[in-house]
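# Examining the three-dimensional arrangement
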Amino acid sequence: MSTKSAAQWLVGHNRFEQKKASSLEKKNFGNAKTISITSGKGGVGKTSISLKLAKILSEKGYKTLVIDCDYNLSNTAVKLGLPLSDNFYSLLSAKKSFDDCLVKHDGYYLLSGCNGSIELLNESVGIEKFIIDILVSHESEFDYIILDSPAGIGRENLTLNAYSDHRFVVVTPDRSSLTDSYSLMKILSNKYGVSENHLIVNKISSDKQYKRIIKTLGDTVDKFLGTRLKVLGGVERKNISVDQFDRILFGEEEFSLHQNFINIVEMFSEENVGTLLPISEHGQDVHLNVC
């Protein structure tokens, strides 16, 4: 791996500006589309969204891989009820092959992270570069690779987001979620030249709330960053206990909830990918403090 800094490395390797094919055009040749599921704030539902989208894509016939990039506080296996493993560290330390470290579940493949691994904590290798090495080495084997990214503006998250073909920014109606996600997009724009992101609004209570959020964030991004934010859709809040939510989500027991995700994938599949913001006249503005 090059000794260049992450920023220098990305200048030569960021694929964002390369010509893109239609987003869900199934490829016979070439590399997987990489989608980073990201946010500025934790607790917005990134992992559940990552796994649900992977399941839908696999059901549509696309070979899909999910990589848990929260590599030492992994929740993917927990949410799916799968045994915890040290596969991520085993791959990093070359104790196992890539194929041996994958688990196939519900039609898609999963590389889960570890849970409090001291060995992984002591590793000096840049994890983001290790993950990008995985993408470079194995992207020809998949149609889609979904990165379940950690929240925030840490170096690893920024690098993985900048490298990805697409970023699905997940926000909730919470004001801090909107502000933190704006900060994430701001740094990606200013530091890495990322000029386009996609938006998923999770845990929405009403259509009016949803429209107000996409207008607020869209107007802010347009005014202060001059970047594009494309709306993929929203996921409604359900009065379901936390311990039952993922079982119902992954089991498709709640049809309207399942349809929310079908709509997101279908919106992404359109040639123009979503709705270009800002959206005009959608309720009262909620002003964000930005600089």
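Scope of this entry: the structure provided in the associated data block. (Residues numbered from 1 in each chain as written. Predicted model: local features only at pLDDT ≥ 70, side-chain atom pairs only at ≥ 80, totals over all residues. Heavy atoms only, no water.)

So, on to the packing of aromatic side chains. Scanning the entire structure with this criterion turns up five aromatic pairs. Between the aromatic rings of Tyr 71 and Phe 88, the centroid separation amounts to 6.0 Å while the plane-to-plane angle is 20°, which identifies the pairing as stacked. Of the two residues, Tyr 71 is situated in the loop between strand E2 (64–68) and helix H3 (76–80) and Phe 88 in helix H4 (residues 87–92); the sequence distance between them amounts to 17 residues. Across the pair, exposure class does not vary: Tyr 71 and Phe 88 are buried alike. With 5.1 Å between their ring centres and 80° between their planes, Phe 168 and Phe 268 make a pair best called edge-to-face. Pair noted here: Phe 168 is in strand E6 (residues 166–171) and Phe 268 is in helix H12 (residues 255–269), with a separation of 100 residues, a long-range link. A single burial state applies to Phe 168 and to Phe 268, both of which are buried. By way of ring pairs, the aromatic residues Tyr 71, Phe 88 and Phe 130 are connected into one cluster. The ring centre of Tyr 192 lies 5.7 Å from the NZ or CZ of Lys 191, which sits over that ring. (Phe/Tyr/Trp six-rings, centres within 6.5 Å; stacked < 30°, edge-to-face > 60°. Helix = DSSP H or I, 4+ residues; strand = E, 2+ residues; numbered from the N terminus. Buried < 20%, exposed > 50% of the residue type's maximum accessible area, 1.4 Å probe, protein only. Lys NZ or Arg CZ within 6 Å of the ring centre and 35° of its normal.)

What follows deals with the side chain of Thr 220. Inspection of the secondary structure assignment puts Thr 220 in helix H10 (residues 207–224). Classification of Thr 220 as buried rests on a relative accessible area of 9%. There is a polar contact of 2.7 Å between the side chain of Thr 220 and the backbone oxygen of Thr 216. (Polar contact = N/O pair within 3.5 Å; in protein donor to acceptor, adjacent residues only side chain to side chain.)

By themselves these figures say nothing about function.
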